[in-house]
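# Coordinate inspection notes
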Amino acid sequence: MVSAFPKAARAAAAGFAAAALLFAAAQTEEPAPRSAVPKPVGDVTEIMKAMTVPASNAIWSVGRNPPADAKTWEALRNNAVLLGESGNLLLIGGRAKDDEIWRETSLTMVEAGALALKAAKAENPDGVNDAGNLMVDACETCHERHWRR
Ligand code: HEC
């Protein structure tokens, strides 16, 4: 024979379990998926300082100081990626300017980064230099038009 008490206890326990399940369901409900539109973090100066400037310095230094070992070539490949991707980042969100020179010089930085990466993978300092020459025109042309000093 089963007493009334355990029955009530079982019912209460079942109720509690159901409530716990509901609570857990509410807790684990997926948030609405976020839009995959890129959202800029830094402004143009911050992109220049964090990415474009150190990357371009590394690429320019190859002429007088070519990488001597695998580690420095790897660092150069990383800088080539930084340079090219910084060009891409100038083309998104509020950083992008509706202007031909902005677009063209940003795209040239992307191109110079890709060229530098290819040359660095081949451990070819002359190729990295060519990429550097392409890049320097882009810096100057964009600054002439858009850097208000
Ligand atoms: C698409 C345009 C564009 C390109 C390409 C570009 N820059 Fe800039 N850069 C700017 C603008 C705009 C500013 C000024 C931002 C401001 O003051 O609001 C700037 C600022 C700078 C600054 C000043 C940062 C500071 O401390 O205030 C340096 C240094 C710089 N750029 C270096 C470079 C180099 C090196 C390259 C090429 C490898 C380059 N930039 C390519 C647009 C560009």
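The rules behind the values
- Residues numbered from 1 in each chain as written.
- Predicted model: local features only at pLDDT ≥ 70, side-chain atom pairs only at ≥ 80, totals over all residues.
- Axes fitted to C-alpha atoms, helices over the stretch in contact; angles between N-to-C directions.
- Helix = DSSP H or I, 4+ residues; strand = E, 2+ residues; numbered from the N terminus.
- Parallel < 35°, antiparallel > 145°, perpendicular 65-115°, else oblique.
- Left-handed = near helix turned anticlockwise from the far one by under 90°.
- Contact = placed C-beta atoms within 7 Å.
- Nonpolar A, V, L, I, M, F, W, Y, C, P; charged D, E, K, R; others polar.
- Expected span 1.5 Å × (residues − 1).
- Buried ≥ 20, exposed ≤ 12 C-beta atoms within 10 Å, placed from the backbone.
- Arc of directions from axis to C-beta.
- Near = placed C-beta within 6 Å.
- Core = buried A, V, L, I, M, F, W, Y, C linked by C-beta atoms within 7 Å.

With their axes 8 Å apart at the nearest point, helix H4 (residues 100–121) and helix H5 (residues 125–146) run at an angle of 165 degrees to one another. One element, H4, and the other, H5, form an angle in the roughly antiparallel class. Judged by the sense of rotation from one axis to the other, the crossing of H4 with H5 is left-handed. Every residue of H5 that contacts H4 at Ile-101, Trp-102, Thr-105, Thr-108, Met-109, Glu-111, Ala-112, Leu-115, Ala-116, Lys-118, Ala-119 and Ala-120 is listed here: Gly-127, Val-128, Asp-130, Ala-131, Leu-134, Met-135, Ala-138, Thr-141, Cys-142, Arg-145 and His-146. For the contact of H4 with H5, the class distribution of residues is 14 nonpolar, five polar and four charged.

This brings us to H5. Taking 1.5 Å of rise per residue, the 22 residues of H5 would be expected to cover 32 Å, and the 31 Å separating its terminal C-alpha atoms lies within 8% of that figure. Buried within H5 are the following residues: Val-128, Ala-131, Gly-132, Met-135, Ala-138 and Cys-142. Take H5 and look down its axis: the buried residues cluster within an arc of 130 degrees, on one side only. Opposite the packed face of H5, turned more than 90 degrees from it, sit the exposed residues Asp-126, Asn-133, Asp-137, Glu-140 and Glu-144. Looking at the packing, one finds that the buried side of H5 touches helix H2 (44–60), helix H3 (70–89) and H4.

Neighbouring residues of the ligand: 19 residues in total, closest Met-48, Ser-56, Thr-105, Cys-139 and Cys-142. The dominant element in the shell around the ligand, judged by the number of residues it contributes, is H2, at seven residues. When its residues are assigned to classes, the shell around the ligand shows 11 nonpolar, seven polar and one charged.

Here the focus is the nonpolar core. Among the nonpolar cores identified, the biggest contains 21 residues, and Ile-59, Leu-83, Ala-112, Ala-116, Val-128 and Ala-131 are the most heavily contacted of them. When contributions to this core are tallied by element, the ones reaching two or more residues are H2, H3, H4 and H5. The element best represented in this core is H4, accounting for seven residues. Leave out the neighbours within four places in its chain, and Ala-131 touches Ile-59, Ala-112, Leu-115, Ala-116 and Ala-119.

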